[in-house]
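As a plain string of letters, each chain reads:
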Amino acid sequence: VGGVSVPDVRSWIDRFAELVHAERDRLTELDAAVGDADHGSNLDRGMKAAAAAAGELGDAAPGELLKKVGMTLVSTVGGASGPLYGTLFLRMGASLGEATDVDGPAFAAALRAGLVGVAARGKAEVGDKTLLDALTPAVDELDAVLAEGASLSEALGRASTAADAGRDATEPLVARKGRASYLGERSAGHQDPGATSVALLVAAAAQTL
Ligand code: ADP
Ligand code: MG
Ligand code: MG
């Protein structure tokens, strides 16, 4: 009761794929301002493939499902976001291993492991105007609210609010990583595309887990 099951993970992945599809043009528009106008199409293609792969996996543990999602993203999405989103899901999967009983703290620990992996892979820090600016406050809030004894569902709701705030806060920042950093000071005044898609990932979790 209250744990994260295989159908729950499938719902999360499916919901994220739906949200990315619905927001594809907006994500691409944001990337047109600071990058190469492909974030929406990259992630839409990847999440379609990932949702299909997760659906075909049969009787797997939550961690195995997440690994499959990560591998699919690495192989179908190029650029910066493919390896970074891939790492997020692969590390989550590795953290959960073959566990079938995934409670709130185990899920939060997996998301934290994913965050640490993404930061290491991209060598970025909070404030660099990347997807970490939405993911980090979300994971911090998830831990803090779970520590108060709240349910995973409630904690994810608060984490989603924190992700949205982190996303919004990327707008005035000057990018220090990724393509947007090529613009230097001119990257300020635009919301980061990756932070925007990560906020959808956390929103999808809050809606399904
Ligand atoms: P590309 O820039 O290769 O075209 P995408 O457009 O799909 O890739 O993704 C761009 C997003 O990736 C950025 O908005 C940013 O959030 C994220 N990103 C880029 N570089 C890094 C990095 N080193 N660490 C974390 N996130 C990054
Ligand atoms: Mg791009
Ligand atoms: Mg690109």
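This is a predicted model, so every value here is computed, not measured.

Attention now goes to the site of ligand 1. Neighbouring residues of ligand 1: 23 residues in total, closest Gly79, Ser81, Gly122, Gly178 and Gly194. Those elements that provide at least two residues to the shell around ligand 1 are α3 (39-56), α5 (81-96) and α9 (193-208). With 3 residues, the top contributor of residues to the shell around ligand 1 is α9. Along the lines of polarity and charge, the residues of the shell around ligand 1 split into 7 nonpolar, 9 polar and 7 charged.

Before going further, it helps to spend a moment on the packing of helix α4 (residues 62-76) against α5. Two elements in contact, α4 and α5, have axes separated by 7 Å at closest approach and are oriented at 165°. Overall, the two elements α4 and α5 adopt an arrangement that is roughly antiparallel. Classified by chirality, the crossing of α5 by α4 is left-handed. Contacts between α4 and α5 involve Pro62, Gly63, Glu64, Leu66, Lys67, Val69, Gly70, Met71, Leu73 and Val74 on the former and, on the latter, Gly82, Pro83, Tyr85, Gly86, Phe89, Leu90, Met92, Gly93 and Leu96. Per-class residue counts for the contact of α4 with α5 are 12 nonpolar, 5 polar and 2 charged.

So, about the confidence of the model for the protein chain. Within the protein chain, residue pLDDT values average 97, and 99% of them lie at 70 or more. The complex model carries a pTM of 0.98, and its ipTM stands at 0.99.

Glancing now at the nonpolar core. Leu142 and Val202 are the most contacted members of the largest nonpolar core, which has 61 residues in total. The dominant element in this core, judged by the number of residues it contributes, is α9, at 10 residues. Apart from the residues lying within four places of it in its own chain, the contact partners of Leu142 are Ala108, Leu111, Ala155, Leu156 and Ala159.

Sequence positions flagged by UniProt for "domain: DhaL" (unreviewed entry) are, in local numbering, residues 7-207. For the annotated span residues 7-207, helix accounts for 71% and strand for 0% of the residues, and the straight-line distance between the end C-alpha atoms is 14 Å.

A few words now on α3. Here α3 spans 26 Å end to end across 18 residues, near enough to the 26 Å set by a 1.5 Å rise per residue. Within the sequence span of α3, burial applies to His39, Gly40, Asn42, Leu43, Asp44, Gly46, Met47, Ala50, Ala51 and Ala54. Along its buried surface, α3 packs onto α1 (6-22), α2 (24-34), α4, α5 and α9. Looking one or two residues beyond α3, the residue adopting positive phi is Gly58, at roughly 70°.

What counts and how
Residues numbered from 1 in each chain as written. Chains lettered and ligands numbered in written order. Predicted model: local features only at pLDDT ≥ 70, side-chain atom pairs only at ≥ 80, totals over all residues. Near = placed C-beta within 6 Å. Helix = DSSP H or I, 4+ residues; strand = E, 2+ residues; numbered from the N terminus. Nonpolar A, V, L, I, M, F, W, Y, C, P; charged D, E, K, R; others polar. Axes fitted to C-alpha atoms, helices over the stretch in contact; angles between N-to-C directions. Parallel < 35°, antiparallel > 145°, perpendicular 65-115°, else oblique. Left-handed = near helix turned anticlockwise from the far one by under 90°. Contact = placed C-beta atoms within 7 Å. pLDDT = per-residue confidence, 0-100. Core = buried A, V, L, I, M, F, W, Y, C linked by C-beta atoms within 7 Å. Buried ≥ 20, exposed ≤ 12 C-beta atoms within 10 Å, placed from the backbone. UniProt positions renumbered as here; feature names shortened; annotations may be inferred. Expected span 1.5 Å × (residues − 1).

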